[in-house]
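# Examination of the molecular architecture
Listed below, chain by chain, are the residues.
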Amino acid sequence: MEMMNGLLINLLFILIFVLLTNMLLLHKNKFIQSSVWNYYFVFIACSQIVISLLLSVSVGHGFIYDLRFVPFLLGGLYGGKRVTIGLGLFLLAVRFVLGGDGFWLSLFLILISTIGIFVISPLYLKKSLWTKLSIVSAFSFVYAVIAYLMPGLLYGFNDFIAFIIYGIILVISTFFVTYLSEILRTTFVLQLEAMKFEKMEIVSHLAASISHEVRNPLTAVIGFLQLIGENEQTNEKSKTYAMYAIEEANRASGIINDYLTFAKPHLTEECLMNIDNAILKCNDILRPLTLKQNVEIETFFQHASAIKGDPHKFHQVLLNIFKNSIEAMPDGGILTIQTYENHNRIHIKITDTGHGMKPEHIARLGEPYFSLKGQKGTGLGMMVVYRIVESMKGIVTVTSEIDIGTSITLAFPIHDAKDSILR
Ligand code: ADP
Ligand code: MG
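Sequence positions are assigned chain by chain, starting from 1 and proceeding in written order. Labels follow written order: the first chain is A, the first ligand is 1, and so on. A pLDDT threshold of at least 70 governs which residues receive local features in this predicted model, and a stricter bar of 80 or more applies before side-chain atom pairs are shown or counted, although totals over entire chains, interfaces and linings include all residues. The basis for every side-chain value is the complete set of non-hydrogen atoms in the structure, without hydrogens or water.

A separate point is the overall build of the protein. Of regular secondary structure, the protein possesses 12 helices and 10 strands. Values of the radius of gyration come from C-alpha atoms, whereas the globule rule sets the reference at 2.2 Å times the count of residues to the power 0.38. For a compact globule of 423 residues, the expected C-alpha radius of gyration is about 22 Å, and the protein comes in at 30 Å, more than 25% above that figure. If one aligns the C-alpha atoms of the protein with their principal axes, the spans along those axes are about 110 × 45 × 40 Å. Summary of the burial criterion: residues with accessible area below 20% of their type's maximum are buried, those above 50% are exposed, and those between are partly exposed, where the area comes from a 1.4 Å probe applied to protein chains only. Residue burial in the protein is summarised as follows: out of 423 residues, 43% are buried. Here, two residues are considered to be in contact whenever any of their heavy atoms come within 4.5 Å of each other. Long-range contacts, defined as pairs at least 24 residues apart, comprise 74% of the intrachain contacts of the protein with a sequence gap of at least 6. Just so you have it, the protein exposes about 23,100 Å², and 64% of that area is on carbon and sulfur atoms. We count a stretch as a helix when DSSP gives it H or I for four or more residues in a row; a strand needs E for two or more, and each element gets its number in order from the N terminus. We get accessible surface area from the Shrake-Rupley algorithm with a probe of 1.4 Å; when it comes to residues, only the shown protein chains can shield them.

Our next topic: the environment of Lys199. With respect to the helices, strands and loops of the structure, Lys199 is situated in helix α7 (residues 160–230). When its relative accessible area of 33% is taken as the criterion, Lys199 is described as partly exposed. Remark: the alpha-carbon pair of Lys199 and Tyr369, spanning 170 residues in sequence, is separated by 10.0 Å.

With that out of the way, let us pick up the nonpolar core. One broad rule of soluble globular proteins: the nonpolar side chains tend to lie buried together. Counting residues in each nonpolar core, the largest one holds 46 residues, and the members touching the most others are Met3, Tyr65, Leu67, Tyr166 and Leu170. Listed by contribution, the elements that provide at least two residues to this core are α1 (2–27), α2 (34–54), β2 (64–65), α3 (69–79), α4 (81–98), α5 (102–124), α6 (129–155) and α7. Discounting residues that sit within four places of it in the chain, Tyr65 has contacts with Met3, Leu7, Ser56, Val57, Val59, Leu105, Ala147, Tyr148, Pro151 and Tyr166. In this structure, Phe314, Ile321, Met392 and Val396 belong to the second largest nonpolar core, which totals 37 residues. Here, the term nonpolar core denotes a set of buried Ala, Val, Leu, Ile, Met, Phe, Trp, Tyr and Cys residues that are joined through side-chain atoms within 4.5 Å.

The subject of this paragraph is helix α9 (residues 275–293). Two residues of an α-helix separated by three or four positions point the same way, owing to the 3.6 residues in each turn. Helix span, expected: 1.5 Å multiplied by one less than the number of residues in the helix. In a regular helix each residue adds 1.5 Å, so 19 residues correspond to 27 Å; α9 covers 25 Å between its end C-alpha atoms and thus fits that length. Two axes are fitted around each residue, one to the seven residues ending there and one to the seven starting there, and the angle between them is reported as the bend at that residue. The sharpest bend along α9 comes to roughly 60 degrees, located at Leu286, with the proline Pro288 sitting one to four residues further on. When we look at burial in α9, the residues that qualify are Ile275, Asp276, Ala278, Ile279, Cys282, Asn283, Leu286, Thr290 and Gln293. Looking at the packing, one finds that the buried side of α9 touches β3 (271–273), β4 (295–302), β5 (305–309), α10 (311–327), β6 (333–342) and β7 (345–352).

The next thing to look at is the confidence of the model for the protein. Residue-level confidence of the predictor is what pLDDT reports, using numbers from 0 through 100. In this model, the protein carries an average pLDDT of 85, and 92% of its residues clear a pLDDT of 70 or more. Considering only residues more than four positions removed or in separate chains, one finds that residues 418–423, a stretch of pLDDT under 50, has 19 contacts.

Right, let's get into empty space enclosed by the protein. In this analysis, the protein atoms alone were mapped onto a 1 Å grid. Cavities are point sets where a 1.4 Å probe fits without being able to get out; pockets are open sets with protein on both sides within 12 Å along at least five of seven lines; lining residues have an atom within 4 Å of a point. Grid points are joined across faces, edges and corners, and a volume is the space filled by probe spheres set on the points. Evaluated as defined, the whole model comprises 1 cavity of 30 Å³ or more. Volume-wise, the largest cavity comes out at about 100 Å³. Listing elements by their share of the lining of the largest cavity, those giving two or more residues are β2, α5 and α6. Residue contributions to the lining of the largest cavity peak at 4 residues, all from α5. Gly is put with the polar residues, along with every residue not named as nonpolar or charged; the nonpolar set is Ala, Val, Leu, Ile, Met, Phe, Trp, Tyr, Cys and Pro, and the charged set is Asp, Glu, Lys and Arg. In terms of residue class, the lining of the largest cavity is built from 8 nonpolar, 2 polar and 3 charged.

Moving on, we come to the site of ligand 1. The near set for a molecule or strand comprises every residue that places at least one heavy atom within 4 Å of it. Lining the immediate environment of ligand 1, one finds 19 residues, of which Asn324, Ser371, Lys373, Thr378 and Met382 sit closest. Within the contact set of ligand 1, an oxygen atom lies 2.8 Å away from a backbone nitrogen or oxygen of Leu372. About the coverage of ligand 1: the protein hides 95% of its 530 Å² of free accessible area. For the shell around ligand 1, the secondary-structure elements that each account for two or more residues are α10 and α12 (381–391). Whenever two N or O atoms come within 3.5 Å, that pair is a polar contact, provided that in protein one can donate a hydrogen and the other can accept it, and provided that, for residues adjacent in sequence, both atoms are side-chain atoms.

This paragraph deals with the sheet that holds β4. Two strands in a sheet stick together by hydrogen bonds in their backbones, pointing the same way (parallel) or opposite ways (antiparallel). On the basis of which strands lie adjacent, the open sheet formed by 5 strands has the order β4-β6-β7-β9-β8 and mixed pairing. Two strands close off the open sheet at either side, each with one partner strand: β4 and β8 (395–401). When strand polarity is set aside, the average angle formed by the axes of neighbouring strands in this sheet is 15 degrees. Here, any two strands with at least 2 DSSP bridges between them count as paired. Where β6 and β7 come together, 8 bridges link them in antiparallel fashion. In the strand pairing of β7, Tyr340 is matched with His347. Packing of α9 onto the sheet brings it into contact with β4, β6 and β7, and relative to β4 it is tilted by some 170 degrees. Angles run from 0 to 180 degrees between N-to-C directions of axes, and those axes are lines fitted to C-alpha atoms, restricted for helices to the stretch in contact.

Another aspect to go through is the pairing of β5. Most of β5 is tucked away: 4 of the 5 residues are buried. Relative to β5, β3 runs antiparallel, the two being bridged by 3 bridges. If you follow Leu272 over to β5, its bridge partner there is Lys308.

Quick look at the pattern of salt bridges now. The salt bridge definition used is simple: a Lys or Arg side-chain nitrogen within 4 Å of an Asp or Glu carboxyl oxygen. Enumeration according to the criterion identifies 6 salt bridges in this entry. The partner of Arg68 in a salt bridge is Asp66, with the nearest N and O atoms 2.8 Å apart. You can call Asp66 buried: its relative accessible area is 1%. The partner of Lys373 in a salt bridge is Glu327, and the shortest N-O contact between them spans 2.5 Å. Of this pair, Lys373 sits in the loop between α11 (359–364) and α12 while Glu327 sits in helix α10, and the two are 46 residues apart along the sequence.

Shown next as structure tokens:
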């Protein structure tokens, strides 16, 4: 009975910690830094281990029983290899301080569990909820058997009832703590998605209502400005002014086009595309910019197939990415564009040697109005990229290192061989 009480109080504390973590996480906004979050996660797991050890129930001969395995297992499975080793060492250190023969058993169990976690963890996070629950329950059952029966056999305290109580409570605790953590995690992820979706909705509505209203008058303005520029009676100075005005109006019309992509999320004109032509065309368009910033462009084409989509929009994707890369290299650098085929997809890898991005900025890439360029940026470029690539059933992967550079890979499904290319 004493063991049951002790373990149940232990479970209560673990659950309180899980809920507390969730409360703090949801309380803070979504821009919590991933690096800080990792330390926080380890701190919570360590606190749970300390509390479990303090609330442990002694069965004599220097052996104590508690639920320390629950935070260790979950911390390891969700936190990765480094966290597993860190928590294991921490657990052993605290257990060592408490003394007794149980330390050696702990050492043995932690070693076995660490190996188990290393084997399971690569697959674990991809499994469904019920598979996860079955895995952790089976894991903790095996742990309970070894943890209780081994010292029992060695020291002869075969209190079978206590073993049953320990086994059942450990398995049930692991099951419910995992279940609760998973539900809270899902809620959190859904909440973030909902927030992002809401923002997207607002942009869509704005796009639909404003862009159409602004585009028509703007087209008229550009037309008249061109007339002014071409008029023979206009003096040279005014012609230059008209040219500047046309340039700026075109820029404004470009931004409106970005917005229009949101008003019309479906691709309008789909056909098979030759991606090397598109890439080379973009390079030509950006030549003035690359010359000005001393950026060298290198291309390596290693693909044989074509992809499907709207060429104008695909063009826009490439231009937006190339432009960002060039803008990230104000003192010059190399922009490498590489294509290759892999797993039935064509990959376009765009690498720059620019100033790079922090992980929290990568996470926000594609969010409407996210820009680090102050007045100069619109924060729409990458949003358009994500939107168009998604509609072409493609995937965007971004890796970046501060002061080393950024690599953006687009992976599109392959469509037919090169012979059938239309454009
Ligand atoms: P904008 O270019 O108008 O700022 P984008 O959506 O195109 O908006 O890009 C958002 C932000 O992402 C940029 O302000 C920049 O800070 C960052 N970014 C995008 N691409 C790169 C890159 N290749 N290297 C470094 N930072 C980048
Ligand atoms: Mg941009």
